[in-house]
Amino acid sequence: MLAGAAAYYVGCWRYLGATPGQRALGLRVVNEWDAHPTAVQAVGRCLARALSLLVGLGMLGAFGRERRTWHDLLADTYVVRARPEREPGARQRFLARGG
């Protein structure tokens, strides 16, 4: 069962760049070249993430300047927005002016 879960995460990160949940939130996992993580990075991230959950560290590192968890630091990966923020449309600009 654990091997299946690990294969799921590694496969999603390696070949899709995100799990379905991350995609729904508009996030993706990339390496330093803004590409999907390599197989080694995806496996390393998965192992480090599992260890962080077992030890209870969870997402502690996400509150630092770079907002990277320690499993991202170990795997040399980043979690970024999948699509850039939309610029406000005419309606939002009108409402922002108090109109």
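I will try to describe carefully the structure that is included in this document. Quick caveat: nothing in here was measured; it's all calculated off a predicted structure.

**Description of helix α1 (residues 2–16)**
Move 1: With 15 residues, α1 extends 20 Å between its outermost C-alpha atoms, agreeing within 8% with the 21 Å of an ideal straight helix rising 1.5 Å per residue.
Move 2: Regarding α1, the residues found buried are Val-10, Cys-12 and Trp-13. Buried positions in α1, seen along its axis, are confined to an arc of 160° and lie on one side of it. Counted as exposed and oriented over 90 degrees from the buried face of α1: Ala-3 and Tyr-15.
Move 3: Positive backbone phi, approximately 85°, marks Gly-17, located one or two places after α1.

**Focus on the packing of α1 against helix α3 (residues 39–55)**
Move 1: Contact geometry of α1 with α3 gives a least axis separation of 9 Å together with a crossing angle of 135°. One finds that α1 runs oblique with respect to α3. Crossing of α1 against α3: the hand is right-handed. Contacts from Ala-6, Tyr-9, Val-10, Trp-13 and Arg-14 of α1 reach α3 at Ala-39, Ala-42, Val-43, Arg-45, Cys-46 and Arg-49.
Move 2: Class assignment for the residues of the contact of α1 with α3 results in eight nonpolar, no polar and three charged.

Thresholds, definitions, all that
- Residues numbered from 1 in each chain as written.
- Predicted model: local features only at pLDDT ≥ 70, side-chain atom pairs only at ≥ 80, totals over all residues.
- Heavy atoms only, no water.
- Helix = DSSP H or I, 4+ residues; strand = E, 2+ residues; numbered from the N terminus.
- Expected span 1.5 Å × (residues − 1).
- Buried < 20%, exposed > 50% of the residue type's maximum accessible area, 1.4 Å probe, protein only.
- Arc of directions from axis to C-beta.
- Axes fitted to C-alpha atoms, helices over the stretch in contact; angles between N-to-C directions.
- Parallel < 35°, antiparallel > 145°, perpendicular 65-115°, else oblique.
- Left-handed = near helix turned anticlockwise from the far one by under 90°.
- Contact = heavy atoms within 4.5 Å.
- Nonpolar A, V, L, I, M, F, W, Y, C, P; charged D, E, K, R; others polar.

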